[in-house]
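# Understanding the architecture of this molecule
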Amino acid sequence: MAALWTVHIAEAFVVLARARDGAAVGGMRVHLRRSGSPLPVERALAAICPIEQAVARAPGPLVELCGTWVAPSYRRTDLAASLTAATLAVARALGAAQIVGCAHQHVLDLYRRFGAVVDDTLGVHPYPDPRYQTCVFWADPFACPEAQAVETWAEALRAGPSVEFAPLPAAAA
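Residues numbered from 1 in each chain as written. Predicted model: local features only at pLDDT ≥ 70, side-chain atom pairs only at ≥ 80, totals over all residues. Heavy atoms only, no water.

For the rest of this paragraph, the subject is the overall build of the protein chain. What the protein chain contains, in helices and strands, is five helices and nine strands. Starting at the N terminus, the α and β elements of the protein chain follow one another as β-β-β-α-α-β-α-β-α-β-β-β-α-β. At a minimum sequence separation of 6, the contacts of the protein chain that also span at least 24 residues come to 68%. (Helix = DSSP H or I, 4+ residues; strand = E, 2+ residues; numbered from the N terminus. Contact = heavy atoms within 4.5 Å.)

Quick look at the structure:
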């Protein structure tokens, strides 16, 4: 069993998964783009691709989903998908019209499952180091293939600060 908590910190909303013993077992952040405050994807990729111009053209409000991590004991479960659905629910609550993010080859299929579309015009980059092939993606928070999961999390998050769930094994690929 684990619980998802949504916490607002200075620059982001964090969806944090905690085990019953209180240990953090996963998390993901949602950053709302504010004038004069670049998103993490802009800070990370500005020197290697025209991300700032792409962000400037995006319809607002714009949010970034980033920082996805899952503890080894929760890998190969549906925790990453649950975190993604919950962060999309947060993005919707923030009024996001568009989502941006960057993802490497190890997590890109997860984001695609929720409607992410790779922006081929911005290229593929060895970020954060040459082991990774990272690209920028865009998504519509209201038009994703997993819309029911997102709505379920939106209802659950409106009901309280945390939601208990039992992760299921991920479907075989």
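Along the polypeptide, His 31 turns up in strand E3 (residues 24–32). Ignoring sequence-local partners within four residues, the contact set of His 31 consists of Glu 11, Ala 12, Leu 39, Pro 40, Leu 62, Val 63, Glu 64 and Cys 66.

Moving on, we get to the nonpolar core. Ranked by size, the top nonpolar core spans 37 residues in total, and within it Val 25, Leu 79, Leu 83, Leu 88, Ile 99, Phe 114 and Val 150 carry the most contacts. Elements supplying a minimum of two residues to this core: strand E2 (13–19), E3, strand E4 (62–70), helix H3 (79–93), strand E5 (98–103), helix H4 (108–113), strand E8 (134–139) and helix H5 (147–159). Considering each element in turn, this core owes the most residues, nine residues, to H3. What Val 25 contacts, discounting residues up to four positions off in sequence, is Ala 17, Arg 18, Ala 19, Trp 69, Val 70, Ala 71, Tyr 74 and Leu 79. Leu 39, Leu 45, Ala 54 and Leu 62 belong to the second largest nonpolar core, which has 13 residues in total. (Core = buried A, V, L, I, M, F, W, Y, C linked by side-chain atoms within 4.5 Å. Buried < 20%, exposed > 50% of the residue type's maximum accessible area, 1.4 Å probe, protein only.)

Attention shifts here to H5. For H5, spanning 13 residues, the distance from its first C-alpha to its last is 19 Å, which sits close to the expected 18 Å at 1.5 Å a residue. Taken together, the buried positions of H5 are occupied by Val 150, Trp 153, Ala 154 and Leu 157. Angularly, the buried residues of H5 cover 105° about the axis, an arc narrow enough to put them on a single face. In H5, those exposed residues whose orientation departs by more than 90 degrees from the buried face are Gln 148 and Ala 159. (Expected span 1.5 Å × (residues − 1). Arc of directions from axis to C-beta.)

To continue, consider the pairing of E4. In this structure, E3 lies alongside E4, joined through six bridges in antiparallel fashion. Bridge pairing links Leu 32 to Val 63 in E4. The pairing of E4 with E5 spans three bridges and is classified as parallel. Its bridge partner lying in E5, Glu 64 is registered against Val 100. (Pairing = 2+ DSSP bridges.)

Overall, the coordinates contain one cavity of 30 Å³ or more when judged by the stated rule. Approximately 50 Å³ is the volume found for the largest cavity. Among the residues forming the lining of the largest cavity, the class breakdown is seven nonpolar, one polar and no charged. (1 Å grid on protein atoms, 1.4 Å probe; cavity = no way out; pocket = protein on both sides within 12 Å on 5 of 7 lines; lining within 4 Å. Points joined across faces, edges and corners; volume = space filled by probe spheres on them. Nonpolar A, V, L, I, M, F, W, Y, C, P; charged D, E, K, R; others polar.)

The subject of this paragraph is the packing of aromatic side chains. Here the structure, examined in full by the defined rule, presents one aromatic pair. Seen in terms of ring centroids, Tyr 111 and Phe 137 are 4.8 Å apart; in terms of plane orientation they differ by 25°. Their pairing is stacked. A residue pair is termed long-range when its members are at least 10 positions apart, and Tyr 111 in helix H4 and Phe 137 in strand E8 qualify at 26 residues. (Phe/Tyr/Trp six-rings, centres within 6.5 Å; stacked < 30°, edge-to-face > 60°.)

Right, let's talk about the layout of surface pockets for a bit. Approximately 190 Å³ is the volume found for the second largest pocket. Lining the second largest pocket are eleven residues, with Ala 89, Val 90, Ala 93, Ala 154 and Leu 157 positioned closest to its centre. Going through the elements one at a time, H3 and H5 are the ones with two or more residues in the lining of the second largest pocket. Split into classes, the residues belonging to the lining of the second largest pocket amount to seven nonpolar, one polar and three charged.

With that settled, consider H3. With 15 residues, H3 extends 21 Å from end C-alpha to end C-alpha; this agrees with the ideal 21 Å at 1.5 Å per step. Here H3 lies mainly inside the structure; 13 of its 15 residues are buried. Just downstream of H3, Gly 95 is the residue with a positive phi angle, here 80°.

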